[in-house]
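Structural overview for review
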Amino acid sequence: MATKKAGSALISVFHKDGLEPIVKKLDELGVTLYSTGGTEKFIRELGINVIPVEQVTDYPSILGGRVKTLHPKVFGGILNRQDHSGDVAQMEEFDIPQVDIVIVDLYPFEKTVASGASNQDIIEKIDIGGISLIRAAAKNYKDVLCVSSMEDYQRFLEVISEGKGATSLEERKWFATKAFNISSHYDAAIFNYFNADHEQAALKISETQGMVLRYGENPHQKGFFFGDLEAMFDKLHGKELSYNNLLDIDAAVNLMEEFKNDEPTFAILKHNNACGLATRSSILQAYIDALAGDPVSAFGGILISNTEIDAETADEIHKLFCEVVIAPAYSVKALEILKGKKNRILLVQKPVALPQMLVRTCLNGALLQEKDAKTDTKEGLEFKTDKQPTQQELEDLLFASKICKHTKSNTIVLAKNKQLCASGTGQTSRVDALNQAIHKANHFKFGLQGAVMASDAFFPFPDCVEIASKAGISSVIQPGGSIKDQLSIDFCNENGVSMVMTGTRHFKH
């Protein structure tokens, strides 16, 4: 019973691309074809005999096509157990034709939602008959083969051609697994559309595409990525992306999103944090100044640009060992230069919307939160000190705040003339983060006189502004909100330091 030769097939699909060779092959193999609506017309126009489902059910398609195949004579033909005497007897009693193959796909619900269609149009794309047929055929894979996506047409054609219409239990189970993957994803998409405001505290995540990575965060861990990377990037060159590469690329893309409409900006990241970033009049100078921020950490880093990388910039990048380079475009000559290292990964970033909800595992469950989509702006600042920031300081404060938002907490970011001087990252105290940043800036010969400081959270004591002032920091940006804010304000007033508050904390754990 494991190998079974098909005698009949029900075909009813929305997407007909690639269907013709399948229909012709089934006809060649002597398989009886049943169909509905547009698919029936498509088959008939190929000159191939097809039996309308209405002829089987003795009932027309009704309600504008909403009800076509929902009938016992259709589902009985799919769900009957061919080795069950009771089922066999009832099939004969009610004159139900056997269905051995079901080729059905689903209305394009997700594409309709993405198109911005009206709610009514979206509701009409919730498939009822199709998904019922898929579930029925997949459930009864012992006897029935289910093809649920045009992506599987080629494999199905190969299977029936090689087996001359016969399929194995393993093959039918493989197609059933694909079918349940598609049906569960479809239901998740519908639920998420209805629950867009998260009124019901339920989590449905579904990705039908994925890839096995070389390993996880460490070589002894398995790793996978689920999602459509090809929609996000064109990979032009280099080795396979690793788990850690993907984490760093995610951090780089989200950071550069803050600067996508700015003048040429270049960032270098290591372990998800920026170790260099600069905005300049040319991308070459932006890269040179970003690298100056921490040329040691840049080794083996992730590089990202907000504009096309030209040959001059590529020449400079080529001197550095780096894992990944990301840009919206490359000149022909730049590509030729950067491909000089066979393992260097070169990505072209496409204009794809990033997820607005963030998910991570936690304990025996998961945490879900909105993305931190708020970027600090001049309009949202509260000027808290007697001394006001200069125009240059104001620009640097907002520049530093963007970097701070994308750096692991606790963090302090020091910047000057739209260049990252140094940052203290992932420290258990804000004072430690500041001291780390000052030490790094001094080590790489940055003069901090006139530089600015950004903090991801408020100062509970005035110690940070005291240390910063002694190092030469002239202006500070922080969320505020401490019951002791006034202590930091008083120190700034007494020592000629300007300070602004945003009212928004940017923790990143």
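Overview of the structure. (Residues numbered from 1 in each chain as written. Predicted model: local features only at pLDDT ≥ 70, side-chain atom pairs only at ≥ 80, totals over all residues. Heavy atoms only, no water.)

Some thoughts on the sheet that holds strand β22 (residues 475–478)
For clarity, the threshold we go by: Strands qualify as paired when DSSP identifies two bridges or more between them. Secondary structure is summarised from DSSP: a helix means a run of H or I of at least four residues, a strand means a run of E of at least two, and numbering begins at the N terminus for each. For this analysis, residues touch if any pair of their heavy atoms sits within 4.5 Å. An axis is simply a line fitted to the C-alpha atoms; with a helix, the fit covers only the stretch in contact. Between two such axes, the angle follows the N-to-C directions and lies from 0 to 180 degrees.
Across the sheet, 6 strands lie side by side as β18-β23-β22-β21-β19-β20; this open sheet has mixed pairing. Two strands close off the open sheet at either side, each with one partner strand: β18 (382–383) and β20 (420–424). Pairing of strand β19 (residues 412–415) with strand β21 (residues 452–455) involves 4 bridges; the strand directions are antiparallel. Within β21, the residue paired with I412 across the bridge is S455. On the sheet, helix α16 (residues 391–405) packs against β18, β19, β20, β21, β22 and β23 (498–501) and is oriented at approximately 35° with respect to β21. Strands in contact with helix α17 (residues 430–443) are β19, β20 and β21; relative to β20, the strand with the most contacts, it is inclined by about 145°.

Some remarks on the environment of F458
Among the secondary structure elements, F458 is positioned in the loop between β21 and α18 (463–471). Counting along the chain gives 27 residues from F458 to D485, while the straight-line C-alpha distance between them is 7.9 Å. What F458 contacts, discounting residues up to four positions off in sequence, is R430, Q478, P479, G480, G481, S482 and D485.

Looking at the packing of aromatic side chains
Stated formally: Aromatic pairing here means that ring centres of Phe, Tyr or Trp (its six-membered ring) are within 6.5 Å. Orientation follows from the plane angle: under 30 degrees is stacked, over 60 is edge-to-face, and everything else is tilted. Buried residues are those whose accessible area, probed at 1.4 Å on protein chains only, stays under 20% of the maximum for their type, while exposed residues exceed 50% and partly exposed ones sit between those limits. Cation placement over rings: the criterion is NZ of Lys or CZ of Arg within 6 Å of the ring centroid and within 35° of the ring normal.
Applying the stated rule across the entire model yields 10 aromatic pairs. Aromatic pair Y193 and F194: ring centres 5.7 Å apart, planes at 85°, arrangement edge-to-face. For Y193, a relative accessible area of 24% puts it in the partly exposed group. Among the aromatic side chains, those forming a connected cluster through ring pairs are F109, Y186, Y193 and F194. The ring centre of F259 lies 4.9 Å from the NZ or CZ of K402, which sits over that ring.

A short note on the packing of helix α9 (residues 153–162) against helix α10 (residues 169–194)
How two helices pack is summed up by the angle between their axes together with the distance between the axes. The test is simple: For classification purposes, an angle smaller than 35 degrees is called roughly parallel, one larger than 145 roughly antiparallel, one from 65 to 115 roughly perpendicular, and anything else oblique. Handedness of a helix crossing follows the sense of rotation of the near helix relative to the far helix, less than a right angle counterclockwise being left-handed and clockwise being right-handed. By the convention adopted, Pro, Cys, Tyr, Trp, Phe, Met, Ile, Leu, Val and Ala count as nonpolar, Lys, Arg, Asp and Glu as charged, and the other residues, Gly among them, as polar.
Between α9 and α10, whose axes approach to 12 Å, the crossing angle comes to 165°. Taken together, the axis directions place α9 and α10 in an arrangement best described as roughly antiparallel. Once α9 is placed against α10, the crossing between them reads as left-handed. The residues of α10 that touch α9, namely those facing R155, F156 and V159, are E171, W174 and F175. For the contact of α9 with α10, a count of residues per class yields 4 nonpolar, no polar and 2 charged.

What to know about the sheet that holds strand β11 (residues 265–270)
What the 6 strands build is an open sheet, ordered β10-β15-β14-β13-β11-β12; its pairing is mixed. Either end of the sheet is taken by a strand with one partner, and the two such strands are β10 (233–237) and β12 (273–279). Each neighbouring strand pair of the sheet contributes to a mean axis angle of 20°, computed without reference to strand direction. Here 4 bridges tie β10 to strand β15 (residues 345–349), and the two strands are oriented antiparallel to one another. Note that in β15 the partner of H237 across the bridge is L346. Across the sheet, helix α13 (residues 283–292) touches β11, β12 and β13 (301–305), and the angle it forms with β11 is around 30°.

So, the nonpolar core
Selection criterion: By nonpolar core we mean a set of buried residues, namely Ala, Val, Leu, Ile, Met, Phe, Trp, Tyr and Cys, connected to one another through side-chain atoms within 4.5 Å.
Core analysis: the largest hydrophobic core is formed by 39 residues, its most contacted members being F233, I249, L277, I304, I326 and I403. Residues within four places of I326 in sequence aside, it is in contact with F233, I249, A252, I302, L303, I304, S305, L347 and Q349.

What to know about the environment of K333
Topologically, K333 is positioned in helix α15 (residues 332–338). The exposure class of K333 is partly exposed, given its relative accessible area of 46%.

What to know about the pairing of strand β5 (residues 101–104)
Each regular strand carries side chains that alternate between the two faces of the sheet. Taking every second residue as pointing to the same face, both faces of β5 are buried, with I101 and I103 on one and V102 and V104 on the other. Inspection of the sheet shows strand β2 (residues 8–12) paired to β5 by 4 bridges, in the parallel sense. Paired with A9 across the strands is I101, a residue of β5. Pairing geometry for β5 and strand β6 (residues 145–147), over 3 bridges, is parallel. In the strand pairing of β6, V102 is matched with C146.

Focus on the packing of α18 against helix α19 (residues 485–495)
Put simply, α18 and α19 touch, their axes get as near as 9 Å, and they point 25° apart. Of the possible angle classes, the one that applies to α18 and α19 is roughly parallel. Judged by the sense of rotation from one axis to the other, the crossing of α18 with α19 is right-handed. For the pair formed by α18 and α19, the contact residues are V465, E466 and S469 on the first element and S488, F491, C492 and N495 on the second.

Topic: the environment of F175
For F175, the location among the structural elements is in helix α10. What makes F175 buried here is its relative accessible area of 1%. Each C-alpha atom of the pair F175 and V359 lies 30 Å from the other, and the pair is 184 residues apart in sequence. If we skip the residues at most four places from it in the chain, F175 touches L145, C146, V147, D152, R155, F156 and V159.

Looking at the side chain of R172
This is how it is decided: His is not counted, nor are the chain ends; Lys and Arg add positive charge and Asp and Glu add negative charge. By definition, a salt bridge exists where a carboxyl oxygen of Asp or Glu is found within 4 Å of a side-chain nitrogen of Lys or Arg. Any pair of nitrogen or oxygen atoms within 3.5 Å is treated as a polar contact; in protein, a donor-acceptor pairing is required on top of that, and neighbouring residues in sequence qualify only through side-chain atoms on both sides.
Mapping R172 onto the fold places it in helix α10. For the buried R172, which has no salt bridge, the nearest side chain bearing the opposite charge is D143, at an N-O separation of 5.7 Å. A distance of 2.7 Å separates the side chain of R172 from the backbone oxygen of T167, its partner in a polar contact.

Thoughts on the pattern of salt bridges
Counting across every chain of the model gives 20 salt bridges. For K25, the salt bridge is made with E28, and the minimal N-O distance between the two is 3.1 Å. In this pair, K25 and E28 both sit in helix α1 (residues 20–28), 3 residues apart, roughly one turn of the helix. Looking at K25, the relative accessible area reads 18%, which means it is buried. Given a relative accessible area of 60%, E28 falls into the exposed group. For D262, the salt bridge goes to K402, with nearest N and O atoms at 3.2 Å.

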